[in-house]
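Structural features, examined
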Amino acid sequence: MPLIPDIEAFEERAAIVEYDGGLSRSRAEDIAAQAQGFRDAAHYWQVLAEYVLTKKLP
């Protein structure tokens, strides 16, 4: 089953991890992406961008 990016959950989790955890934004985004099953933030953004452009999940 393809992974479906949830931007609201991603942004919220990243903000919480960054603020409460004291981590860098980059590391917080990796953690937020991994919570949705993606390898890291780069993979998350890649899948989201492909979906926005094609309306299909890889």
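Residues numbered from 1 in each chain as written. Predicted model: local features only at pLDDT ≥ 70, side-chain atom pairs only at ≥ 80, totals over all residues. Heavy atoms only, no water.

Take the pattern of salt bridges next. For the coordinates displayed, the defined rule picks out three salt bridges. The shortest N-O distance in the salt bridge between Glu-11 and Arg-25 comes to 2.7 Å. Separated by 14 residues along the polypeptide, Glu-11 in helix H1 (residues 7–21) and Arg-25 in helix H2 (residues 25–35) bring together distant segments of the chain. On the basis of relative accessibility, which here comes to 27%, the residue Arg-25 falls in the partly exposed class. One salt bridge connects Glu-29 with Arg-25, and the closest N-O pair in it is separated by 3.2 Å. Of this pair, Glu-29 and Arg-25 both sit in helix H2, four residues apart, which is roughly one turn of the helix. (Salt bridge = Lys/Arg side-chain N within 4 Å of Asp/Glu carboxyl O. Helix = DSSP H or I, 4+ residues; strand = E, 2+ residues; numbered from the N terminus. Buried < 20%, exposed > 50% of the residue type's maximum accessible area, 1.4 Å probe, protein only.)

Moving on, we come to the packing of H2 against helix H3 (residues 41–54). Axis separation between H2 and H3 bottoms out at 7 Å; the angle between their running directions is 60°. Contact residues: H2 offers Glu-29, Asp-30 and Ala-33, while H3 offers Ala-41, Tyr-44 and Trp-45. (Axes fitted to C-alpha atoms, helices over the stretch in contact; angles between N-to-C directions. Contact = heavy atoms within 4.5 Å.)

What follows covers the packing of aromatic side chains. With the rule as written, the count across this model stands at four aromatic pairs. Judged by centre distance (4.1 Å) and plane angle (5°), the ring pair of Phe-10 and Tyr-44 falls under stacked. A residue pair is termed long-range when its members are at least 10 positions apart, and Phe-10 in helix H1 and Tyr-44 in helix H3 qualify at 34 residues. Comparing Phe-10 with Tyr-44 shows no difference in burial state: the two are buried. Summarising the aromatic geometry, the rings of Phe-38 and Tyr-44 are spaced 5.3 Å apart at their centres and angled 90° between planes, so their arrangement reads as edge-to-face. Accessibility assignment for this pair places Phe-38 and Tyr-44 in one class, buried. Aromatic rings pair up to connect Phe-10, Phe-38, Tyr-44 and Trp-45 into one cluster. (Phe/Tyr/Trp six-rings, centres within 6.5 Å; stacked < 30°, edge-to-face > 60°.)

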